[in-house]
Amino acid sequence: MQFPESWLRAYCNPDLTTQQLADLLTMSGMEVEELQPVAPPFTGIVVADILTAEQHPNADRLRVCTVDAGPHSKDGPLQIVCGAPNARAGIKIPLATVGAELPPGEDGKPFKIGKGKLRGVESQGMLCSARELKLSEDHGGLLELPADAPIGQDIRQFLNLDDTLFTLKLTPNLGHALSVYGVAREVAALTGAPLKPLPTAPVVPTLDETLPVTVEAPDLCGRFSGRIVRGIDTKAKTPAWMVDRLARCGQRSVSALVDISNYVMFETGQPTHIFDLDKIHGGLTVRWGREGETLKLLNGNTITVDAQVGVIADTRPDGTQAVESLAGIMGGDATSVNDDTTNVYVEAAFWWPDAVAGRSRRYNFSTDAGHRYERGVDPAHTVERIERITTLIQQICGSEATACGPVTDAIVNLPAKQPVSLRIARAAKVIGMPVMQAQCAEVLTRLGLSFTESDGVLTVTPPSWRFDIEIEEDLIEEIIRVIGFDQLPLTAPVAPVTARVRPEAQRGGYALRRAVAALDYQETINFSFVEERWETELAGNPDPIRLLNPIAAPLSVMRSSLIGSLVQVLRHNLTRRAPRVRVFELGRVFKRDAAVQTSEQSVVGIDQPLRVAGLVWGAAEPVQWGLKERSVDFFDVKADVEALVAPQVARFVAAEHPAMHPGRCVCVELDGVAIGFVGELHPRWRQAYELPAGQGAPVLFELDVPALLARDVPAYQPVARQQAVTRDIALIVGEAVGHDAVIASLLGASTGGLLRSAKLFDVYRPAVGAAGFELGERSLAIRLELLDDDAPLTDVRSDEAVKAALDAVQRGLGVRLRGA
């Protein structure tokens, strides 16, 4: 919310500087987000009157003006050369006298005015536009001032430019502070400065005419007040003081009637609406919308309402009802006022916050009125606001023909304020310092909260403008923010602060992040709520956890896998022509699990495991001269996963995953426990998600984080005293026999503990019909490492160990030694 300091001080003027006032508001819970001066610094600019404006003898676009600057032109009118197109006799404008300083330019230095000659004619100053004074971007000509502007007065004083714009960042519970008077009421409570009352002089009705109003939905509208005003001039010009105040609140001037309505809203916090009376058919009906009804709004949009949206309708001659306004949000185009309007109906109502909340967002726009009604608007003063608007209409748009009807006031269903008890002892405990009952009573009195007292307890009845006082803690908050958070004692905590020591057999999450980043991955952070399609297709989850109030319609469910988020990141990068993508994310997923109970870190029925997932697409290495460019493949990512689990050794078992290619997907196991998957993205999803087909498939992995964080405590071993022996063997193996089975069979042979490792280093697939091979066979070259810690290995012992290993693999798997 934005407003000028001068308007605030018109109602409450504490003995504080601007900065002190801003600090006070911030410390009371109304954060001052920005302080901005209305105008930049400049001096020597005064109000002047152009007496004559003659054509320059040597320039077609210049005029020679004689200007009366009052006491600043002691030797008679000043001669000023001016090139503005609107420079003419009879207007009052800002004059920069000799010695004046204009606002600083791009170099940060002020521009000083002196005497000079333009095309041979002396100029004793400068006539200024609004842009030259940096009051606006309008550079169409001189800034024309009102005819009653006093000649010679400093322009800063006349336009009230020594003012400051306050921008407040208010939380949703502070709806009562969404007006200048609401903030002034808070300042009065915080400082004890007197609060001036709002102007509420009633207007005497001169008509008996009223407009019938029927409220059919008390759960939508609790109070509806209105008045007919006839014979007004809608073409009247809005006074400069009102235009200036609205502009300083961030609201541009539209027309006199619209400006009056906006002015009262910023002043009091009460949104109002002004209908063109002659465009209303019959009376007004306040009700919930009906399926299929449409309304063209003031912003030009045409919307379709339903039973969840409140409307104001009128009754046509044929008996049908037509929607004329979106309740509490925006009026309709059909009954809007224009330059031909002479008769109006002024409305002020109380709309229930729950009936307005979220409705404007359904139609992708928001309004100041809806913003206030969502947070709660004082229902007790709708009649006073009607009187205030009527007074302003008479002053600005009125004439001798203007006549007003009586105010009609339909009170249907006002909020019942429930008393809230404040225990003094409880307040002292929560606040953290002693507070007395008399001290609390004084605070409540300053805040305008009525209460009754008993021993140690104050029972408060919230006023009509406070929708945020419902429980005892709300009152405790009011007590301490008025007393001042700076009064809290600086007390060290009593309880010991003990760091949570991570076990030696576990590394931290950031160490895992750094390990993945060291493998040339870039970390991404994505929403935990995703599209339902991702869950169904990429996670195989037909029943995801749904959000009650999603921030956007597509993001309607909680993710049970990180893969969908990474595929979307890939798409985002590909649309920006990224040649190579290597991304990962470490975050939680959410799955239904009836075994989970509520605790400090869990919610009943929902498992929230921590996962890390990665996606790689494009070239395996950055472009360079030393390596031939190739696309990343399954084995590149498999190697990355092996690096992450090291020094543990993972086992990769062929498996299936909804998001991955059925023939190029493995399950990752550690100590016989499945911890995740690695594989290529399924061709079906590559096509469905519009990924390029000719540049290789994206390869993904998703792993459980706790398994990766576990680390065996290092166990030191002495350096081997004996020399290891290596022997290479080549086995002819059928395609149906897997690598893991061969290695396991070799290591399981009875070699007396001499065989320490067996590693595959070559695979040979012969051409069809090659000698020594049958159809469907291949050759695996394996290096065996033999070591005896106690004695050197002789050739005889090494040959016996190798023979035992070969016998074991030949008996178990039916393989044979190549060349035998």
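Please read all numbers here as calculations on a predicted model, not as lab measurements. (Residues numbered from 1 in each chain as written. Predicted model: local features only at pLDDT ≥ 70, side-chain atom pairs only at ≥ 80, totals over all residues. Heavy atoms only, no water.)

Caption draft 1: The overall build of the chain, seen in detail. Check the secondary structure of the chain and you find 21 helices and 41 strands. Here the chain has a C-alpha radius of gyration of 40 Å; the compact-globule value for 820 residues is 28 Å, and the former is much larger. Projecting the C-alpha coordinates of the chain onto the three principal axes gives extents of approximately 125 × 80 × 70 Å. For the chain, buried positions account for 47% of its 820 residues. The contacts in the chain between residues at least 6 apart in sequence include a share of 68% that link residues at least 24 apart. Counting every atom, the chain has about 41800 Å² of accessible surface; 52% of that belongs to carbon and sulfur. (Helix = DSSP H or I, 4+ residues; strand = E, 2+ residues; numbered from the N terminus. Rg over C-alpha atoms; globule rule 2.2 N^0.38 Å. Buried < 20%, exposed > 50% of the residue type's maximum accessible area, 1.4 Å probe, protein only. Contact = heavy atoms within 4.5 Å. Areas by Shrake-Rupley, 256 points an atom, 1.4 Å probe, with all protein chains shown as cover.)

Caption draft 2: Main features of the sheet that holds strand β30 (residues 580-588). Judged by pairing direction, the sheet is mixed, and its 7 strands sit side by side in the order β27-β30-β33-β37-β36-β35-β34 without closing on themselves. Pairing within the sheet leaves two strands with one partner each, and these edge strands are β27 (522-523) and β34 (651-654). In terms of strand pairing, β27 meets β30 through 2 bridges, oriented parallel. Looking across to β30, one finds that E523 is bridged to F584. Running at roughly 170 degrees to β30, helix α14 (residues 509-518) makes contact with β27, β30 and β33 (610-618) of the sheet. (Pairing = 2+ DSSP bridges. Axes fitted to C-alpha atoms, helices over the stretch in contact; angles between N-to-C directions.)

Caption draft 3: Summary view of helix α16 (residues 563-574). Here α16 spans 16 Å end to end across 12 residues, near enough to the 16 Å set by a 1.5 Å rise per residue. Buried within α16 are the following residues: I563, G564, S565, L566, V567, V569, L570 and L574. (Expected span 1.5 Å × (residues − 1).)

Caption draft 4: Layout of the pattern of salt bridges. This model, assessed by the stated rule, comprises 46 salt bridges. R388 serves as the salt-bridge partner of E267, at 3.1 Å between the closest nitrogen and oxygen. Taken together, the residues E267 in helix α6 (residues 256-268) and R388 in helix α10 (residues 382-397) connect sequence positions 121 residues apart. Take E267: its relative accessible area is 1%, and that puts it in the buried class. In this structure R388 comes out as buried when scored by relative accessible area, which is 14%. (Salt bridge = Lys/Arg side-chain N within 4 Å of Asp/Glu carboxyl O.)

Caption draft 5: A look at the packing of aromatic side chains. Tallying each qualifying case throughout the model produces 12 aromatic pairs. Here the aromatic rings of W241 and Y263 are separated by 5.5 Å at their centres, their planes lie at 85 degrees, and the arrangement is edge-to-face. Of this pair, W241 sits in helix α5 (residues 240-248) while Y263 is found in helix α6, placing the two residues 22 residues apart along the sequence. Y263 gets classed as buried once you look at its relative accessible area, which sits at 2%. (Phe/Tyr/Trp six-rings, centres within 6.5 Å; stacked < 30°, edge-to-face > 60°.)

Caption draft 6: Structural context of helix α12 (residues 437-446). Residues of α12 that are buried: Q437, C440, A441, V443 and L444. In a view along the axis of α12, the buried residues occupy a sector of 160 degrees, so they form one face of it. Among the exposed residues of α12, those pointing more than 90 degrees away from its buried face are A438 and T445. Lining the buried residues of α12 we find β24 (420-423), α11 (424-431), β25 (450-454), β26 (457-461) and α13 (472-483). Positive backbone phi, approximately 80 degrees, marks G448, located one or two places after α12. (Arc of directions from axis to C-beta.)

Caption draft 7: Region of the structure containing the nonpolar core. Counting residues in hydrophobic clusters, the biggest one holds 50 residues, and the most contacted among them are F3, I393 and C397. When contributions to this core are tallied by element, the ones reaching two or more residues are α1 (5-9), α2 (18-27), β11 (164-169), α4 (180-191), α5, α6, β21 (343-351) and α10. In terms of residue count, the dominant contributor to this core is α6 (7 residues). Dropping the residues within four chain positions of it, C397 is found in contact with I232, D233, A236, A256, L257, I260, L392 and T402. Formed by 33 residues, the second largest nonpolar core is a distinct cluster that contains L211, L295, A355 and V356. (Core = buried A, V, L, I, M, F, W, Y, C linked by side-chain atoms within 4.5 Å.)

Caption draft 8: The environment of A428, seen in detail. Counting through the fold element by element, A428 comes out in helix α11. On a C-alpha basis, the gap between A428 and I476 in space is 8.7 Å, while along the polypeptide they are 48 residues apart. What A428 contacts, discounting residues up to four positions off in sequence, is M433, P434 and V435.

Caption draft 9: Up close: the side chain of S179. Here S179 shows up in the loop between β11 and α4. Accessibility expressed as a relative area gives 2% for S179, which makes it buried. A polar contact is formed between the side chain of S179 and the backbone nitrogen of G182, at a distance of 2.9 Å. (Polar contact = N/O pair within 3.5 Å; in protein donor to acceptor, adjacent residues only side chain to side chain.)

Caption draft 10: Summary view of unusual backbone geometry. Of the consecutive residues A646 and P647, the connecting peptide bond is found in the cis state with omega at 10 degrees. Residue position: P647 is located in the loop between α17 (634-645) and β34.

Caption draft 11: Molecular detail of the sheet that holds strand β39 (residues 755-764). Strand order in the open sheet formed by 4 strands is β39-β40-β38-β41, and the pairing between neighbours is antiparallel. Only two strands of the sheet have a single neighbouring strand rather than two, namely β39 and β41 (816-817). Of the pairings in the sheet, the one linking strand β38 (residues 725-734) to β41 comprises 2 bridges and is antiparallel in character. Bridge pairing links I732 to R816 in β41. Packed onto the sheet, helix α20 (residues 739-747) meets β38, β39 and β40 (777-786) and runs at close to 150 degrees relative to β39. Against the sheet, helix α21 (residues 795-813) engages β38, β39, β40 and β41, with an angle of about 20 degrees to β38.

Caption draft 12: Region of interest: the pairing of β25. Pairing between β25 and β26: 5 bridges, direction antiparallel. Note on β26: the bridge partner recorded for E453 is L458. If you look at the hairpin formed by β25 and β26, you'll find 2 residues sitting between the two strands, and G456 has a positive phi there, around 80 degrees.

Caption draft 13: Highlighting the pairing of strand β14 (residues 272-276). Most of β14 is tucked away, with 5 of its 5 residues classed as buried. Where β14 lies against β21, 5 bridges are found, and the strand directions are antiparallel. Bridging from a neighbouring strand, H273 pairs with E347 of β21.

Caption draft 14: Representation of the environment of V673 within the structure. Turning to its location among the elements, V673 is positioned in strand β36 (residues 673-681). A sequence separation of 34 residues divides V673 from A707, and the C-alpha atoms of the two residues are 9.4 Å apart.

From the geometry alone we can't say anything about function, so treat these as descriptive.
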